[in-house]
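# Chain and residue survey
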Amino acid sequence: MKKIQTELFANPSENQFDKLCVVVKACQSCTRMANSARILGRSAGPLDAKIMFIGEAPGRRGADGSGIPFHGDRAGHNFETLIAQVGLDRNNIFVTNAVLCNPKDDKGNNAPPNKTEIKNCSDYLRQQIELLDPKIVVTLGGTALNATAFIEPHHLSLRESVRSEHKWFNRLLIPAYHPGQRAMIHRSFPNQLSDYQFILEQLKRLGKKARTVNGSVRADALVVVREITRLKPKLSYFSLHKLFYLVEYKAVQELGHRLTQAFIVRQKDGPYCTDLHLTKLKNSFSNLKIIEPKGDIIFNHQSAGLFDENDNDLDKVAMNIINEVMEEYGEDDDFRLKSRVYTTGPLRWMLKAEKKGLNLFNAPIDFSKKSNSPVN
Ligand code: SF4
């Protein structure tokens, strides 16, 4: 009776997942895995997780013994520390591996899976992704990244695409390094921590309810851009990003929070807001003009935007902040604006952290940081 009830009320994907686990347990596709445990089960995490982490293979001292992916060995400890430090835990992530059994060498030590083994297991990986339908897939290490190419081809390499997001298999793919000790030589723990902060930012963005139109500036950023460019209709693309950052910076200083959820990262020339990509601006402001060769842009607010002027309007306090920033910096050229943004606490902190070896290129700017905040 109990069994019938379970089948009646279980979520269909739970049933399908359990069936997949049974199939995996019986799999004999890879001869050298004959004596290894098949590591796929409910210990991987919730089936409605928005994010899936894919490692290389269960470790001999880790998942092969504990039955829990990335748990029980040094790599597992590092992984659990990394997710904990950015506020994630196993209750909201799903963790699996490119191959579900521990590959061993002749001496019984951990060995990397070969191409055939990765290919053999890639169908199980595809089935896990299809069943769970996570919005974000994070690959941990080169093997996991290569395994995803068996599901839907891509040309990503770990070195060139680490800490960046890519559209893949109807979701976002974010390559990250493996948290094992050997990989830490190539990507230090603090750098990996920044990667996980980036991952968390992407996850948060998915949860935001802000209205966006595909390929357009998000609604909350749109009203800020509209106000900045109402005060200064002609400006360089470069200065728009810097002024937008300075508005957000001032809002945090004076209000304790930002005006938008726009994504701002640190690039070579300072803050860059991905939500203000030129294509998005063009899609959102129909009469936007670009003046070559300098690339200045002119906003024509007679025909501005996809949204009504009254839609999501700024309140008075926000308007004052934008006005103050524009009064102070609106006439500055690109060079002065660049200098100005580098005097703000978050950027000064990033420069300090980079001097200590952190790679923060393309890392999200943390507005809570001050120049004297400690570097972990
Ligand atoms: S690694 Fe995957 S394909 Fe190979 S035996 Fe284990 S479950 Fe089967």
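Further up the page is the structure itself.
Here the structure is a predicted model, which is why all the values come from computation and not from measurement.

The next thing to look at is the nonpolar core. With 45 residues, the main nonpolar core has Ile228, Leu240, Phe244, Tyr245, Leu276, Leu281 and Phe299 as its most contacted residues. Secondary-structure elements contributing two or more residues to this core are helix 10 (219-231), helix 11 (237-255), helix 13 (316-329), helix 14 (334-341) and helix 15 (345-355). No other element matches the 9 residues that helix 11 contributes to this core. Setting aside residues no more than four positions away along its own chain, Leu240 makes contact with Val225, Ile228, Thr229, Leu235, Leu276, Leu281, Ile297 and Phe299. One finds Ala44, Met52, Ile54 and Ala144 within the second-largest nonpolar core, a separate group that totals 36 residues.

Time to look at the sheet that holds strand 6 (residues 234-236). Strand order in the open sheet formed by 3 strands is 6-10-9, with antiparallel pairing between adjacent strands. Whereas interior strands pair on both sides, the edge strands pair on one side only; in this sheet they are strand 6 and strand 9 (289-291). Across the sheet, the axes of successive neighbouring strands diverge by a mean angle of 30°, strand direction being ignored. Of the strand pairs in this sheet, strand 6 and strand 10 (residues 296-298) are connected by 3 bridges, and their pairing is antiparallel. Counterpart to Ser236 in the pairing with strand 10 is Asp296. Packing against the sheet, helix 11 makes contact with strand 6 and strand 10, and its axis sits at approximately 90° to strand 6.

A separate point is the pattern of salt bridges. One pass over the structure, following the stated rule, counts 17 salt bridges. Residue Arg126 is joined to Glu130 by a salt bridge in which the shortest nitrogen-to-oxygen separation is 2.8 Å. With Arg126 and Glu130 both in helix 5 (residues 115-132) and 4 residues apart, this pair spans about one turn of that helix. Given a relative accessible area of 25%, Arg126 falls into the partly exposed group. Residues Arg171 and Asp133 are paired through a salt bridge, measuring 2.9 Å at the closest nitrogen-oxygen approach. Of the two residues, Arg171 sits in strand 5 (residues 171-176) while Asp133 sits in the loop between helix 5 and strand 3 (136-140), which places them 38 residues apart along the sequence. Among the charged side chains, a salt-bridge network with shared partners connects Asp123, Arg126 and Glu130.

Over its 12 residues, helix 4 (residues 74-85) runs 16 Å from end to end, which matches the ideal 16 Å to within 8%, given 1.5 Å per residue. Taken residue by residue, helix 4 has Ala75, Gly76, Asn78, Phe79, Leu82 and Ile83 as its buried positions. Across the axial projection of helix 4, the buried residues extend over an arc of 160°, all falling on one side. One or two positions beyond helix 4, positive phi appears at Gly87, with a value near 90°.

Definitions and cut-offs
- Residues numbered from 1 in each chain as written.
- Predicted model: local features only at pLDDT ≥ 70, side-chain atom pairs only at ≥ 80, totals over all residues.
- Heavy atoms only, no water.
- Core = buried A, V, L, I, M, F, W, Y, C linked by side-chain atoms within 4.5 Å.
- Buried < 20%, exposed > 50% of the residue type's maximum accessible area, 1.4 Å probe, protein only.
- Helix = DSSP H or I, 4+ residues; strand = E, 2+ residues; numbered from the N terminus.
- Contact = heavy atoms within 4.5 Å.
- Pairing = 2+ DSSP bridges.
- Axes fitted to C-alpha atoms, helices over the stretch in contact; angles between N-to-C directions.
- Salt bridge = Lys/Arg side-chain N within 4 Å of Asp/Glu carboxyl O.
- Expected span 1.5 Å × (residues − 1).
- Arc of directions from axis to C-beta.

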